[in-house]
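# Remarks on the overall topology
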Amino acid sequence: MRYNSPVMEKILPFPFRVSIEEALTIQKELERRISLHYTLEDASVNCIGGIDVSYLKSGFSMAVAVVLSFPEFQLLEVQVGKAPASFPYIPGFLSFREGPAIEKALSRIKKEPQLWFFDGQGIAHPRGVGLASHIGVLFDLVSIGIAKKPLIGEFEPPPPEKGAYSPLYYQEKQVGFAVRTRKNVKPIYVSPGHKISLEGALRWALKATGRYRLPEPTRIAHQLSQKLKKEGQDLGPGNTVF
DNA sequence: GCGACAG
DNA sequence: ATCTTGTCGC
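Below you will find a few notes about this structure.

Rules of the game
Residues numbered from 1 in each chain as written. Chains lettered and ligands numbered in written order. Predicted model: local features only at pLDDT ≥ 70, side-chain atom pairs only at ≥ 80, totals over all residues. Core = buried A, V, L, I, M, F, W, Y, C linked by C-beta atoms within 7 Å. Buried ≥ 20, exposed ≤ 12 C-beta atoms within 10 Å, placed from the backbone. Contact = placed C-beta atoms within 7 Å. Near = placed C-beta within 6 Å. Nonpolar A, V, L, I, M, F, W, Y, C, P; charged D, E, K, R; others polar. Helix = DSSP H or I, 4+ residues; strand = E, 2+ residues; numbered from the N terminus. Expected span 1.5 Å × (residues − 1). Arc of directions from axis to C-beta.

### Some thoughts on the nonpolar core
In this structure, A63, V64, I144 and V190 are the most contacted members of the largest nonpolar core, which totals 68 residues. Those residues within four positions of V190 in sequence are excluded, and the remaining contacts are I144, G145, I146, G176, F177, V179, A201, L202 and A205.

### Describing the protein's contact with DNA strand C
Neighbouring DNA strand C are the residues S54, Y55, K183, N184 and K229. When the residues that make up the surface near DNA strand C are grouped by side-chain class, the tally is 1 nonpolar, 2 polar and 2 charged.

### Considerations on helix 2 (residues 20-31)
Between its first and last C-alpha atoms helix 2 spans 16 Å; for 12 residues at 1.5 Å apiece the expected length is 16 Å, and the two agree. Within helix 2 the residues assigned to the buried category are A23, I26, Q27 and L30. Looking straight down helix 2, one finds its buried side chains confined to an arc of 100 degrees; they lie on one side. Exposed positions of helix 2 whose direction lies more than 90 degrees from the buried face are E21 and K28. Looking at the buried positions of helix 2, the neighbouring elements they touch are helix 1 (5-11), helix 3 (94-108) and helix 4 (131-139).

### Some remarks on helix 6 (residues 216-230)
Helical geometry: 3.6 residues make up each α-helical turn, so side chains three or four residues apart lie on a common side. Here helix 6 is 15 residues long and its end C-alpha atoms lie 21 Å apart, about the 21 Å a rise of 1.5 Å per residue gives. Those residues of helix 6 not exposed but buried are E216, P217, T218, R219, I220, A221, H222, L224, S225 and L228. Looking at the buried side of helix 6, the elements it contacts are strand 1 (47-55), strand 2 (60-69), strand 3 (75-84), strand 4 (115-118) and strand 5 (143-147). Positive phi appears at G232, one or two residues downstream of helix 6, with a value of about 55 degrees.

### A short note on unusual backbone geometry
Residue F70 is joined to P71 through a cis peptide bond whose omega torsion reads 5 degrees. The phi torsion at F73 lies on the positive side, around 65 degrees, for a residue other than glycine. Residue position: F73 is located in the loop between strand 2 and strand 3. Of note in the backbone geometry, E172 takes a positive phi value of approximately 70 degrees without being a glycine. In this fold, E172 is placed in the loop between strand 6 (165-170) and strand 7 (173-179).

Here's what the structure looks like:
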């Protein structure tokens, strides 16, 4: 796992530890590098990844990255990354709070999934660069944003049937979809992160969904994240920044 | 100014 | 996200 060098030339050496002003500049730089072109070869996708972040009493954030086989959804790899949660949570700047831990977890992944799922927005963001897009461009990954709640935009509630969806618009443009992954259950908000199209993101979000509201990658990552935290995993595969 | 506001 | 138990319903 390495940084997308062209991007890093612009935002090294501290991609996440920045001021709001610098964060805005970085987001602008990353946004222009987002690709919404679908390049995945569906038949060759046999591995998908998911990342979720939880917070520890210690003030650290812990990111859990999981790799699942596709379409079996068997757990193939788990990596953990911890870092001080120094940047505060500010809607529109989540990447800067969770980025450090995510970078740690991603850097330890050995098996490379063809597609990554993030718990947050992709391009459905005030400046078009949500968590999935931000990390996607930074690490040159194909990514999709899977959010449990909308951040921006307008949409009509999709029909209460499993698989139903409606477009999510923001400033005249479609930036994602409100998707009903289960009958009579609240929808999730799907938007492309990087190197994938709107339709591709929608299709893969549904293909990666099993019997639960959330797609398997982020669902499993979240489940493990909560489990590891509860068991006080201050040891294990995860180390610390600094 | 008021309300909204991923995790 | 996090603080927190049981409980109603598909």
